[in-house]
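Here is how the chains run, residue by residue.
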Amino acid sequence: MRLVSEFQVVGALLRLLKLCHLVVTHIFIDMISIGRALGLTLRISPVLPTSSHTVSKRWMSALARRKFYKSVSIAGSDGKWEVNLDHRKLKTPGGRLLQVPNKELALGVAFEWDSVTEHIQTSQMHLTGLCFTVLDNPHKRTDKDLAEKITGYLDTDTVLFPVEHPTELAEAQRREWGAVLEWVRHRFGVDLQPAESGSLVCSVPQQTLDVLQEYLLTHNTWTLTGLLFAVESVRSTVLPLAALERKLVPREVARLSRLEAEYQADVWGRVEWAHDVDSLDTEARVAAGMLVAHLCSSATAHNVKHKHAG
């Protein structure tokens with residue numbers, strides 16, 4: 001089954017995720033080669049499914065394990081879509097059947113598994129991980145908890161702490177971040193100002209937090225989980241919030257969150273692969289989070305029984 005030809009709507013974002021997957025895979029293989037050259041042994045136990053009912057148990061028990069399946073497919077209807085590896089249904093680490101709300105997200109998860117060539121790098125399969133998080137809810141979070149977690153990043157939000165020097169960087173941050181902040185203030189009617197010089201924490205008015213949390217609670221668990229993943233990736237509530245409202249695209253979110261890092265790299269030089277891997281990893285994480293958020297923004301989280309848990 002060739003999933004790429006079917007996946008035109010979100011193909012570009014998923015190709016980015018695949019690129020990061022390949023980069024990290026090569027780095028990991030290089031680490032193994034270096035270790036062997038130094039006489040070191042890295043033990044990796046392949047985890048193969050022990051029955052037709054379980055695919056993903058202990059999915060994170062090894063840094064990399066060999067691919068154990070030949071084909072990937074999806075099946076479903078009416079807001080319940082599943083992913084199959086050969087004839088096995090993909091399950092979460094908690095043993096739940098992986099069911100997602102729409103075909104597009106199922107194709108995205110399937111694309112990640114179909115992209116595996118030799119070693120499975122589950123830490124780089126962000127769509128899969130986000131689906132597992134929603135369905136297993138390992139931290140037992142309600143939608144209110146998620147909303148509070150998202151707005152909790154505001155007092156240390158990246159875009160609320162522009163530097164004063166060097167002048168070139170300070171001007172770039174105030175110009176580009178300032179435009180996004182002005183949009184947020186206008187869109188939500190809130191007071192949100194940059195932190196005072198020298199402050200380690202920004203004082204965000206409680207009314208601003210209340211307004212934003214009320215807005216966030218109009219979205220479902222899938223969207224909030226994807227948004228939180230993007231927020232944690234860039235340490236900013238403001239930038240992913242703008243992406244949720246389609247003011248920014250994931251690439252812009254990642255770039256704006258890294259203005260200082262890119263400035264320093266331009267001034268002092270780049271480590272040939274390190275800067276690029278870090279940049280691509282940030283962009284891939286934001287893209288995955290926002291993809292889940294947008295694809296599920298109008299979906300009913302019918303299969304998330306913990307949604308209103310206390």
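Residues numbered from 1 in each chain as written. Predicted model: local features only at pLDDT ≥ 70, side-chain atom pairs only at ≥ 80, totals over all residues. Heavy atoms only, no water.

Observations regarding unusual backbone geometry
(1) Moving on: Omega for the bond connecting His165 with Pro166 falls within 30 degrees of zero, at 0 degrees, which places this linkage in the cis form.
(2) Moving on: Within the fold, Pro166 resides in the loop between helix 4 (143-151) and helix 5 (167-188).
(3) Moving on: With phi around 55 degrees, Asp78 is a residue other than glycine that occupies positive phi space.
(4) Moving on: Secondary-structure assignment places Asp78 in the loop between strand 2 (72-77) and strand 3 (80-85).
(5) Moving on: Notably, Arg246 is not glycine yet its phi reads approximately 65 degrees, a positive angle.
(6) Moving on: Summarising the element assignment, Arg246 is placed in the loop between helix 8 (238-244) and helix 9 (250-257). (Helix = DSSP H or I, 4+ residues; strand = E, 2+ residues; numbered from the N terminus.)

Observations concerning the packing of aromatic side chains
(1) Moving on: Summed over the entire model, instances satisfying the criterion amount to 4 aromatic pairs.
(2) Moving on: A ring pair is formed by Phe188 and Tyr215, whose centres lie 4.9 Å apart and whose planes are at 65 degrees; its orientation type is edge-to-face. Note that Phe188 is positioned in helix 5 and Tyr215 in helix 6 (residues 206-216), a separation of 27 residues in sequence.
(3) Moving on: Put simply, the rings of Phe68, Tyr69 and Trp113 pair up and form one aromatic cluster. (Phe/Tyr/Trp six-rings, centres within 6.5 Å; stacked < 30°, edge-to-face > 60°.)

Some details on the sheet that holds strand 2
(1) Moving on: Taken together, the 3 strands give an open sheet; going across it, the order is 2-3-4, and neighbouring strands pair in antiparallel fashion. In the strand order of this sheet, the two ends are held by strand 2 and strand 4 (88-89), each with one partner. (Pairing = 2+ DSSP bridges.)

Remarks on helix 7 (residues 221-234)
(1) Moving on: The first and last C-alpha atoms of helix 7 sit 20 Å apart over 14 residues, in line with the 20 Å expected at 1.5 Å per residue.
(2) Moving on: Here helix 7 lies mainly inside the structure; 13 of its 14 residues are buried.
(3) Moving on: By the N-cap criterion, in which a side-chain oxygen at the helix start approaches the backbone nitrogen of a residue two or three places on, helix 7 is capped by Asn220, the distance to Trp222 being 3.1 Å.
(4) Moving on: Looking one or two places after helix 7, you find Arg235, whose phi comes out positive at around 55 degrees. (Expected span 1.5 Å × (residues − 1). Buried < 20%, exposed > 50% of the residue type's maximum accessible area, 1.4 Å probe, protein only. Polar contact = N/O pair within 3.5 Å; in protein donor to acceptor, adjacent residues only side chain to side chain.)

Comments concerning the nonpolar core
(1) Moving on: Within the largest apolar cluster, 41 residues are counted, with the highest numbers of intra-cluster contacts made by Phe188, Leu192, Leu216, Val238 and Met290.
(2) Moving on: Elements supplying a minimum of two residues to this core: helix 4, helix 5, helix 6, helix 7, helix 8, helix 9 and helix 11 (274-295).
(3) Moving on: Counting 31 residues, the second-largest nonpolar core is a separate cluster that includes Trp81, Leu90, Ala106 and Ile120. (Core = buried A, V, L, I, M, F, W, Y, C linked by side-chain atoms within 4.5 Å.)

Structural notes on the pattern of salt bridges
(1) Moving on: Counted according to the given criterion, the structure contains 10 salt bridges.
(2) Moving on: Each of the salt bridges in this network shares a partner with another, and the network as a whole consists of Arg258, Glu262 and Asp278. (Salt bridge = Lys/Arg side-chain N within 4 Å of Asp/Glu carboxyl O.)

Digging into the environment of Ala261
(1) Moving on: Within the fold, Ala261 resides in helix 10 (residues 259-268).
(2) Moving on: The exposure class of Ala261 is partly exposed, given its relative accessible area of 32%.

Considering the packing of helix 4 against helix 7
(1) Moving on: Running from N to C, helix 4 and helix 7 cross one another at 25 degrees; their axes reach a closest spacing of 10 Å. Judged by the angle between their axes, helix 4 and helix 7 are roughly parallel. Like other packed secondary-structure pairs, helix 4 and helix 7 cross with a definite hand, here left-handed. When helix 4 is examined against helix 7, the residues Asp143, Leu146, Lys149 and Ile150 are found in contact with a partner set consisting of Thr221, Leu224, Thr225, Leu227, Leu228, Val231 and Glu232.
(2) Moving on: Of the residues contributing to the contact of helix 4 with helix 7, the split by class is 6 nonpolar, 2 polar and 3 charged. (Axes fitted to C-alpha atoms, helices over the stretch in contact; angles between N-to-C directions. Parallel < 35°, antiparallel > 145°, perpendicular 65-115°, else oblique. Left-handed = near helix turned anticlockwise from the far one by under 90°. Contact = heavy atoms within 4.5 Å. Nonpolar A, V, L, I, M, F, W, Y, C, P; charged D, E, K, R; others polar.)

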